[in-house]
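# Descriptive structure summary
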Amino acid sequence: MMESETSAFESSETLAALVASTPLLEECWKVCGFADASVDSNFAVSRVGGTAYIGFSGVKLGAGVDESCRNLVPLPDDVFCTLSVDEADPVMVHAGLLHLFLSVYTDNLFRDQMVEIMSTSKSIVITGRSIGGAIASLLTLWLLCRLQTICSVICITFGSPMLGNESFSRAILQQRWAGYFFHVVSQHDIVPRLFFAPSCSFQFISEENKTQLFRVVLDSLGVVSKGDCKKSSFCPSGSYLFCTNKGAVCVDNGMLVIKLLYATLLNGSQSSSLEDHFGYADFIQKVQWQFIENRSFMGGNLPESSYEAGITLVLESLGIASHGLNSEDAKEALKKAKKLGRTRNLNSANLAIGLSKINPFRAQIEWYKASCDNSVDQLGYYDSFKQRGASKRDFKVNMNRIKLAQFWDSLIDKLEANELPYDFHKRAKWVNASQFYKLLVEPLDIAEYYRSGMQRVKGHYMQHGREKRYKIFDKWWKTENGTDPHITARSRFASSTQDSCFWAQVEEARDRLIKVRAEGDARNFINLLDDITKFDQYAKRLIENKEVSPDVLAKNSSYTKFIEEWKEFQSQLQLLQPQFPSIL
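Calculation rules
Residues numbered from 1 in each chain as written. Predicted model: local features only at pLDDT ≥ 70, side-chain atom pairs only at ≥ 80, totals over all residues. Heavy atoms only, no water. Axes fitted to C-alpha atoms, helices over the stretch in contact; angles between N-to-C directions. Helix = DSSP H or I, 4+ residues; strand = E, 2+ residues; numbered from the N terminus. Parallel < 35°, antiparallel > 145°, perpendicular 65-115°, else oblique. Left-handed = near helix turned anticlockwise from the far one by under 90°. Contact = heavy atoms within 4.5 Å. Nonpolar A, V, L, I, M, F, W, Y, C, P; charged D, E, K, R; others polar. pLDDT = per-residue confidence, 0-100. Salt bridge = Lys/Arg side-chain N within 4 Å of Asp/Glu carboxyl O. Buried < 20%, exposed > 50% of the residue type's maximum accessible area, 1.4 Å probe, protein only. Disulfide = S-S within 2.5 Å. Phe/Tyr/Trp six-rings, centres within 6.5 Å; stacked < 30°, edge-to-face > 60°. Lys NZ or Arg CZ within 6 Å of the ring centre and 35° of its normal. Expected span 1.5 Å × (residues − 1). Bend = angle between axes of the 7 residues up to and from the residue. Pairing = 2+ DSSP bridges.

With that settled, the discussion passes to the packing of helix α15 (residues 392-416) against helix α16 (residues 428-451). Interhelical geometry of α15 versus α16 gives an angle of 135° and a closest axis separation of 11 Å. One way to sum up the angle between α15 and α16 is to call them oblique. Relative to α16, α15 is oriented so that their crossing is left-handed. Side by side, α15 and α16 meet where Val397, Asn398, Arg401, Leu404, Ala405, Phe407, Trp408 and Leu411 of the first sit next to Trp430, Ala433, Ser434, Tyr437, Val441, Leu444, Asp445 and Glu448 of the second. When its residues are assigned to classes, the contact of α15 with α16 shows 11 nonpolar, 2 polar and 3 charged.

Now for the confidence of the model for the chain. Summary statistics for the chain give a mean pLDDT of 81 and a share of 77% for residues scoring 70 or more. Overall, residues 1-12 carries pLDDT values under 50, and its contacts beyond four positions in sequence, including any with other chains, amount to 21 contacts. This model gives residues 294-307 a pLDDT under 50, and the stretch forms 28 contacts once residues within four places in sequence are excluded.

In this section: the pattern of salt bridges. A complete count under the given rule lists 22 salt bridges for this structure. In this structure, Arg215 engages Asp219 in a salt bridge whose closest nitrogen and oxygen atoms are separated by 3.4 Å. Remark: Asp219 and Arg215 occur in helix α8 (residues 210-225); sequence separation between them is 4 residues, near one turn of the helix. Judged by its relative accessible area of 43%, Arg215 falls in the partly exposed class. When the shortest N-O distance is used, the salt bridge between Arg510 and Glu565 registers 2.8 Å. Highlighted residues: Arg510 in helix α20 (residues 502-518) and Glu565 in helix α22 (residues 558-572), separated in sequence by 55 residues. Each of Arg401, Asp409, Asp445 and Arg469 takes part in a single network of salt bridges with overlapping partners.

On to the state of the cysteines. Here, disulfide denotes a covalent bond that connects the sulfur atoms of two cysteines. Tallied over the entire structure, the rule returns 1 disulfide. There is no disulfide at Cys28, and the cysteine sulfur nearest it, in Cys32, is 6.8 Å away.

This brings us to the packing of aromatic side chains. Under the definition given, this model contains 33 aromatic pairs. With 5.5 Å between their ring centres and 75° between their planes, Tyr449 and Tyr450 make a pair best called edge-to-face. For Tyr450, a relative accessible area of 6% translates into the label buried. Measuring from centroid to centroid gives 6.2 Å for Tyr559 and Phe562, while their planes differ by 35°, and the two rings are tilted. Note that Tyr559 and Phe562 are positioned in helix α22 at a spacing of 3 residues, about one turn of the helix. For Tyr559, a relative accessible area of 4% gives the class buried. What makes Phe562 buried here is its relative accessible area of 0%. Here the aromatic cluster, defined as three or more aromatic residues joined through ring pairs, consists of Phe407, Trp408, Phe424, Trp430, Tyr437, Tyr470, Phe473 and Trp476. Here the guanidinium or amino end of Arg388 rests over the ring plane of Phe385, the centre of that ring lying 4.1 Å away.

Quick look at helix α6 (residues 131-146) now. With 16 residues, α6 extends 23 Å between its outermost C-alpha atoms, agreeing within 8% with the 22 Å of an ideal straight helix rising 1.5 Å per residue. For α6, a buried count of 15 out of 16 residues is recorded, marking the element as mostly surrounded by other parts of the structure.

Its 24 residues give α16 an end-to-end C-alpha distance of 34 Å, which sits within 8% of 34 Å, the value for a rise of 1.5 Å per residue. Val441 marks where α16 bends most, by close to 35°; the proline Pro443 follows one to four residues later. Just past α16, the residue Gly453 takes up positive phi, approximately 75°.

Turning next to the environment of Lys546. Within the secondary structure layout, Lys546 lies in the loop between α21 (522-544) and α22. Sequence spacing of Lys546 and Ser495 is 51 residues, and the spatial spacing of their C-alpha atoms is 9.9 Å.

Moving on to the pairing of strand β6 (residues 152-158). Counting buried positions along β6 yields 5 of 7 residues, so the element is predominantly enclosed. Both strand β5 (residues 123-129) and β6 contribute to a ladder of 7 bridges, which runs parallel. Paired with Thr127 across the bridge in β6 is Ile156. Examined bridge by bridge, β6 and strand β7 (residues 181-186) share 4 bridges and lie parallel to one another. By the bridge assignment for β7, Cys155 is matched with Phe181.

Regular strands have side chains that alternate between both faces of the sheet. Extensive coverage of strand β8 (residues 239-244) is indicated by the burial of 6 of its 6 residues. Neither face of β8 is left uncovered, since the one carrying Ser239, Leu241 and Cys243 and the one carrying Tyr240, Phe242 and Thr244 both have all their residues buried. Bridge analysis of β7 against β8 gives 5 bridges, and the strand direction is parallel. Bridging across to β8, Ser186 finds its partner in Cys243.

Right, dumping it as structure tokens:
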């Protein structure tokens, strides 16, 4: 059954038409030519009104690529801002391309030009062809990291190679910077696809090697297109404008970019893979007039579904016959990309509904905390739950703790499965909600851990028992609020202790007190004593700054017992001086 909703490709078509029907592409290509023709440098600057164009040569920079640097390396924090995602793989870029950028970045002539441009321009367009496009992308990234608020910036490249890994691509998305990068790719150009083949390099591009090059790249890209970016060291980032003799299509989904890179190259040949890399001037001209003129679908006969019309338009613009061998794969990729984008937003909306549904569980735990803190037994929140009995109230609170954990674990699973918006972890609603949950509920998790004796089986909570969700929430909070927990002075104690692992540290400190009494080795004795002293000082700072909940100071709390035990031990230290004369 055909879908009757609005075309999924309307926004992409609008973006492509906007760029292609203005002088932007033509001006960018022109300044790239100036850079190639320049005698003294590998870049050129042109001005149109209040806009400055900075173009990088693909010819001169290409000659300087060190092929021994084809490996991936981290972005230097002293040049760029720290980019990271919630993944094991760090943000990495092509070492040779990064080396080229740094050589340009440190050039005095370039620095002087940039200072002048940034002080006199309302907007900056950074462009480059081939390898120059990768340098343009790195310069744009540097501007976004360091000088984002000075002026507007956009990057437009022609036939640029891939720059970084999947973590790099995700970091760009999470920073909401994908819209600043616009990569023009002709139908069969081999260079944007080059790094998908592990054995290929820029030096491999030649007339003599074109047959072998085409086959190696096509085969490797075919493998990657059947999976995801993890099957390759490199991954697309930003928006891609695919140009053919029949039109252009704008795509910003990384998975779809890879599939279309493969599908369009499959229709090419060894000769076209090199010819297209040098033919962007023709493509730019054709794209411009084709977007200005009215185009028809299928000889003027529109399909009933705008969705199917969008499919037909995209395939037509890519040069893929709607009933050809590759059309079904291309159609399926387009449909999956559409569903993926829609699912992320729906998942986010559903999680918001889910959060409202679990709020009663959280509220019941808050009520339980207040009742524990005001109880006559003066145990406080943490110790009351740790020493709880079999009452209905205790059972219900424990079940609420488990239900909340299930909700937040399901959220983390969706985030790691790429089923949520890329900037989800930066949205204040979720950063604040996760922090509130962590401060309220993690003390209960710690209490359950020590109540059940898990420290004797696995080791202490901090090193061996803490759930992944809390570590992720720590990172979210620090990213958005910095590392200093004492942002403003408090006039009264916090509703929840601001270090959610405070009670785990209390348990460890009490355990060290037991061990230090029986320790016979001087070095181990001193190390244990030093650890206890550091925690004691840390806890006193938290109390002084009122960063703890009142239950910490309850008469019968674990912390109060620790203080009593610690004072008693300190009074006994003088008796141990003959055995360990160096400790006092």
